[in-house]
Number of protein chains: 2
Amino acid sequence: MGSERLRPAVGTGRRGGFTAALLRYSGRMDDPPIDILLCGDWGAAEDAAWRDALQAAMPETRWLSLAAARADPARVQAAVVANPPPGSLQGLPALRLIQSLWAGVDRLLADPTLPPQVPLARMVDPLMNAAMAQTALWAVLSLHRGFFDYARRQGEGRWHAHAQTRAEDIRVLVLGLGQMGLAAARAIAGLGYPVSGWTRQPRTVTGAVAVDVAALSGETALRAQLAQTDIVVNLLPLTPATRGLLDQRFFAALPAGASIVNLARGAHVVDADLLAALDTGHLRHAVLDVFTTEPLPAGHPFWAHPRVTMLPHAAALSDVRSAAHAAVANLRAALAGGAVAHRVDRGAAY
Amino acid sequence: MGSERLRPAVGTGRRGGFTAALLRYSGRMDDPPIDILLCGDWGAAEDAAWRDALQAAMPETRWLSLAAARADPARVQAAVVANPPPGSLQGLPALRLIQSLWAGVDRLLADPTLPPQVPLARMVDPLMNAAMAQTALWAVLSLHRGFFDYARRQGEGRWHAHAQTRAEDIRVLVLGLGQMGLAAARAIAGLGYPVSGWTRQPRTVTGAVAVDVAALSGETALRAQLAQTDIVVNLLPLTPATRGLLDQRFFAALPAGASIVNLARGAHVVDADLLAALDTGHLRHAVLDVFTTEPLPAGHPFWAHPRVTMLPHAAALSDVRSAAHAAVANLRAALAGGAVAHRVDRGAAY
């Protein structure tokens, strides 16, 4: 990876060989660095961790805070962001890429000042996909085997083993077959659960999937599949078309005793409808990582609901090391005038 | 599977073709049934479920209660048992097989009246192996990702995401590489955890394993491996050689912050030593399915310990349907004078 430590041939659209690059590096020690805005809704320790990882992956770069970028906005060539404050990305005339460090870009797209002509890329981090698959599989295993019930009984001092069912009898539906949905579907199917996957629009799941996941699309197929589903795992992007998808009508289409795992966005779920379906017992349990307001406000019924297991938006965090490498690969491509990976389709909103 | 509903040619060592068997069945409607003792430490519903499943799998048999067997002991040709009361299996002169419905036979072997010359077989049920793999993987995922901590924080109304580690950095050691240990090791390795497996005696793990599990054996290798282990999953048989293996010395050999998952037998663990290691914080957490006394007595420190997650001996139950088929296959083999599968080595005690 020696070449990663060298300055790329910015703007030429090609990279020199190792020797040429080494000579160029030696000859340009006094060149001004590349200025990139780094801005996230995080604390100082997290900011430092990302800055260090990005600096190590792309040493020829100066990583600017929002204030530093504002001091000389014409020099800022790209932005690496994690839910930056609205307005952060306007007035930067040389901006060539906005690279999100998070997979979901719904909050970025909600900023009306986001420059429409600048390419915007989602983070696709293999380590984050693996973490999401772990959480999805843990939730499915917990629901299938009743481990949340055992935890409650331990608290009550009650010894009672319930009947055991087979994985092959627990039907799982994964909503969304993006990188994270596919990783989750693969892991769940790997333990013997029959898994279906649903996307809003028809899409081809490539042969590389190598897993027995029945792919469905469209509203009609969704309603039909819900009637044959025991556990729903939501990993859809949040778009105007998917907001509020998990509502009263959705829950009513599930068989009694089904469970919900929401690992995507809080706004996919209509909270009041979910609480009603849990309170009547139609839904057995909900595992929720994401909420309409985060942190979930004190006193919200989810906190103490016996049928709700909560995570604090921690199902899958970007891995600093691997995400920094993915971001830098995209930055180098954009600064060299090439195509970027995982570019957001502004029309589809993901 | 039509032939399974027909009476086998008992004692001939071979089975007739379909037509011959059908004729023979028609011709022997008045033959006395085969008498087999069915006896477990279970309630009426569970007794009925096993009786029905066994009757369906071997219709030519009369499944006798302990009282019925005692009424005409010379007719009892085999026994299908699940921790029967001590003394149940003595005085049955025609007994040709004792088939356990449970995988562990330590309680059976502790009965001094167990007839020493009668073959004794453990239950090996693929569905039970799968259930054990599910529980082991759930425990590893929960410990790795801190899901037990999140549950505690939910109870406290506290929103706090901790740092995320990679599966490849969590070293798992599976003690015991029998059918259940191997199933667990495979499932855990399948999610990307580095897995080692340990057996007391050297053994060859067959090529069919097809999983990257480093197999170790012996005391010295165990001590060395413990120092490099984050999560121990115990699936050893309980024998005089493994009783109390998880003691103060064992825990001290683990790095600080390691965790224990005991899915085998309570007597593998020295409870006082485990509690001490949890209380000092040397061990981070213990997931315990099995206990020296079951049900675990009220007031035992495990019930309310913040670092203990308990299951009521429910990590893997025999699946009635598949275990009945496995038991009947062994009964047919024994009654036909053939070799039985998974016969217990009385010297090794498993």
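Residues numbered from 1 in each chain as written. Chains lettered and ligands numbered in written order. Predicted model: local features only at pLDDT ≥ 70, side-chain atom pairs only at ≥ 80, totals over all residues. Heavy atoms only, no water.

Trainee: Describe the overall build of chain A, and please don't skip the residues or the numbers.
Mentor: Looking only at helices and strands, one finds 12 helices and 12 strands in chain A. The contacts of chain A with a sequence gap of at least 6 include a subset with a gap of at least 24, amounting to 63%. Carbon and sulfur atoms provide 56% of the accessible area of chain A, an area that totals close to 14600 Å². (Helix = DSSP H or I, 4+ residues; strand = E, 2+ residues; numbered from the N terminus. Contact = heavy atoms within 4.5 Å. Areas by Shrake-Rupley, 256 points an atom, 1.4 Å probe, with all protein chains shown as cover.)

Trainee: How would you sum up the packing of aromatic side chains? Please name residues and give values.
Mentor: Any two aromatic rings considered together are summarised by their centre-to-centre distance and by the angle between their planes. For the structure on display, the rule yields 18 aromatic pairs over all chains. Taking the centre distance of 6.5 Å and the plane angle of 45° together, the rings of F147 of chain A and Y150 of chain A count as tilted. One end of the pair is F147 of chain A and the other is Y150 of chain A, both in helix α6 (residues 147–156) and three residues apart, which spans about a single turn. Under the relative-accessibility criterion, F147 of chain A is labelled buried at 3%. A relative accessible area of 4% means that Y150 of chain A is categorised as buried. Ring pairs connect the aromatic residues W138 and F148 of chain A together with F147 and Y150 of chain B, which therefore count as one cluster. (Phe/Tyr/Trp six-rings, centres within 6.5 Å; stacked < 30°, edge-to-face > 60°. Buried < 20%, exposed > 50% of the residue type's maximum accessible area, 1.4 Å probe, protein only.)

Trainee: Describe the packing of helix α5 (residues 126–145) of chain A against α6 of chain A, listing the residues and the values that go with them.
Mentor: Residue and element names in this part refer to chain A. At a closest axis distance of 5 Å, the pairing of α5 and α6 adopts a crossing angle of 65°. Our classification of the angle between α5 and α6 gives roughly perpendicular. For the pair α5 and α6, the contacting residues are W138, L141, S142, L143 and R145 in the first and F147, F148 and Y150 in the second. Taken together, the residues that form the contact of α5 with α6 break down as six nonpolar, one polar and one charged. (Axes fitted to C-alpha atoms, helices over the stretch in contact; angles between N-to-C directions. Parallel < 35°, antiparallel > 145°, perpendicular 65-115°, else oblique. Nonpolar A, V, L, I, M, F, W, Y, C, P; charged D, E, K, R; others polar.)

Trainee: Talk me through the interface of chain A and chain B; I want residue IDs and the actual numbers.
Mentor: Residue-level contacts link 45 residues of chain A with 46 residues of chain B. Taking both partners together, chain A and chain B bury about 3800 Å²; carbon and sulfur atoms supply 63% of that area. When the buried area of chain A at its contact with chain B is split by residue, Q154, W159 and R166 of chain A rank highest and sum to 22% of it. Residues D169 of chain A and R321 of chain B are paired through a salt bridge, measuring 3.9 Å at the closest nitrogen-oxygen approach. Seen at the junction of chain A and chain B, the total is 23 residue pairs in polar contact (both at pLDDT 80 or more). (Buried area = accessible area lost by both parts, 1.4 Å probe. Salt bridge = Lys/Arg side-chain N within 4 Å of Asp/Glu carboxyl O. Polar contact = N/O pair within 3.5 Å; in protein donor to acceptor, adjacent residues only side chain to side chain.)

Trainee: Could you give an account of the side chain of R166 of chain B, with specific residues and numbers?
Mentor: With respect to the helices and strands, R166 of chain B occurs in the loop between α6 (147–156) and β6 (172–175). Looking at R166 of chain B, its side chain comes within polar contact range of the side chain of D319 of chain A, at 2.7 Å. With residues up to four places along the chain from it excluded, the contact list for R166 of chain B reads L127, D319, R321 and S322 of chain A together with H144 of chain B.

Trainee: Any chance you could break down the relation of the copies chain A and chain B for me, citing the residues and the numbers?
Mentor: Expressed as a screw operation, the relation of chain A to chain B combines 0.0 Å of axial shift with a rotation of 180°, fitting to an RMSD of 0.1 Å. The transformation relating the two chain copies, once decomposed into turn and shift, fits a two-fold axis. If distances are taken from each C-alpha of chain A to the rotation axis, the shortest is found for W138 of chain A, at 2.9 Å. A share of 100% of the interface residues of chain A reappears at the interface of chain B, consistent with the copies meeting face to face through the same patch. (Least-squares fit on C-alpha atoms with pLDDT ≥ 70 in both.)

Trainee: Which residues make up helix α5 (residues 126–145) of chain B, and what values do they have?
Mentor: Residue and element names in this part refer to chain B. For α5, spanning 20 residues, the distance from its first C-alpha to its last is 28 Å, which sits close to the expected 28 Å at 1.5 Å a residue. Two or three places before L127, at the opening of α5, D125 has a side-chain oxygen 2.9 Å from that residue's backbone nitrogen. Backbone geometry just after α5 places G146 at a positive phi near 70°. (Expected span 1.5 Å × (residues − 1).)

Trainee: Kindly report on the environment of Q228 of chain B, identifying the contributing residues and their values.
Mentor: Tracing the backbone shows Q228 of chain B in the loop between α8 (219–226) and β9 (231–234). For Q228 of chain B, a relative accessible area of 43% gives the class partly exposed.

Trainee: So what's going on with the sheet that holds strand β5 (residues 120–121) of chain B? Which residues, and what values?
Mentor: Residues and elements named next belong to chain B. Taken in spatial order, the five strands make up an open sheet running β2-β1-β3-β4-β5, and their pairing is parallel. One side of each edge strand has no neighbouring strand; the edge strands of this open sheet are β2 (61–64) and β5. As paired strands, strand β3 (residues 76–82) and strand β4 (residues 98–100) are joined by three bridges and run parallel to one another. Pairing of A79 across the sheet is with I98, part of β4. On the sheet, helix α2 (residues 44–57) packs against β1 (34–40), β2 and β3 and is oriented at approximately 165° with respect to β2. Taken strand by strand, helix α12 (residues 320–335) contacts β1, β2, β3, β4 and β5, and its axis lies near 155° from that of β3. (Pairing = 2+ DSSP bridges.)

Trainee: Let's hear about the pairing of β3 of chain B: which residues, and what values?
Mentor: Residue and element names in this part refer to chain B. Within β3, six of the seven residues are buried, which leaves it mostly tucked inside the rest of the structure. Here β1 runs beside β3; their pairing, made up of six bridges, is parallel. Directly across from L38, in β3, lies its bridge partner V80.

Trainee: So what about the pattern of salt bridges? Which residues, and what values?
Mentor: Inspection of the entire model under this criterion finds 28 salt bridges over all chains. Across the pair D319 of chain A and R166 of chain B runs a salt bridge whose closest N-O atoms are separated by 2.7 Å. Pair noted here: D319 of chain A is in the loop between β12 (308–310) and α12 (320–335) and R166 of chain B is in the loop between α6 and β6, and the two residues belong to different chains. Under the relative-accessibility criterion, D319 of chain A is labelled buried at 10%.

Trainee: Can you explain the confidence of the model for chain A? Please cite residues and give values.
Mentor: Residue and element names in this part refer to chain A. Of the residues in chain A, 89% have a pLDDT of 70 or more, and the chain-wide mean is 89. Confidence drops under pLDDT 50 across residues 1–27; counting only partners more than four residues distant or on other chains, this segment forms 34 contacts. Confidence estimates for the predicted assembly give a pTM of 0.87 and an ipTM of 0.87. (pLDDT = per-residue confidence, 0-100.)

Trainee: So what's going on with the side chain of Q99 of chain B? Which residues, and what values?
Mentor: Residues and elements named next belong to chain B. In this structure, Q99 sits in strand β4. The class of Q99 is buried, set by a relative accessible area of 1%. Apart from the residues within four sequence positions on either side, Q99 is in contact with A79, V80, V81, A121, R122, M123, A327 and N330.

Trainee: Lay out the pairing of β9 of chain B with the relevant residues and their values.
Mentor: All names here are of chain B. What you see with β9 is no split at all: I231 and V233 on one side and V232 and N234 on the other are buried throughout. Sheet topology note: the β6/β9 ladder contains four bridges and is parallel. Paired with L175 across the bridge in β9 is N234. Between β9 and its parallel partner strand β10 (residues 258–262), the chain crosses via helix α9 (residues 248–253), and the hand of that crossover is right-handed. (Right-handed = clockwise from strand over helix to strand, strands pointing away.)

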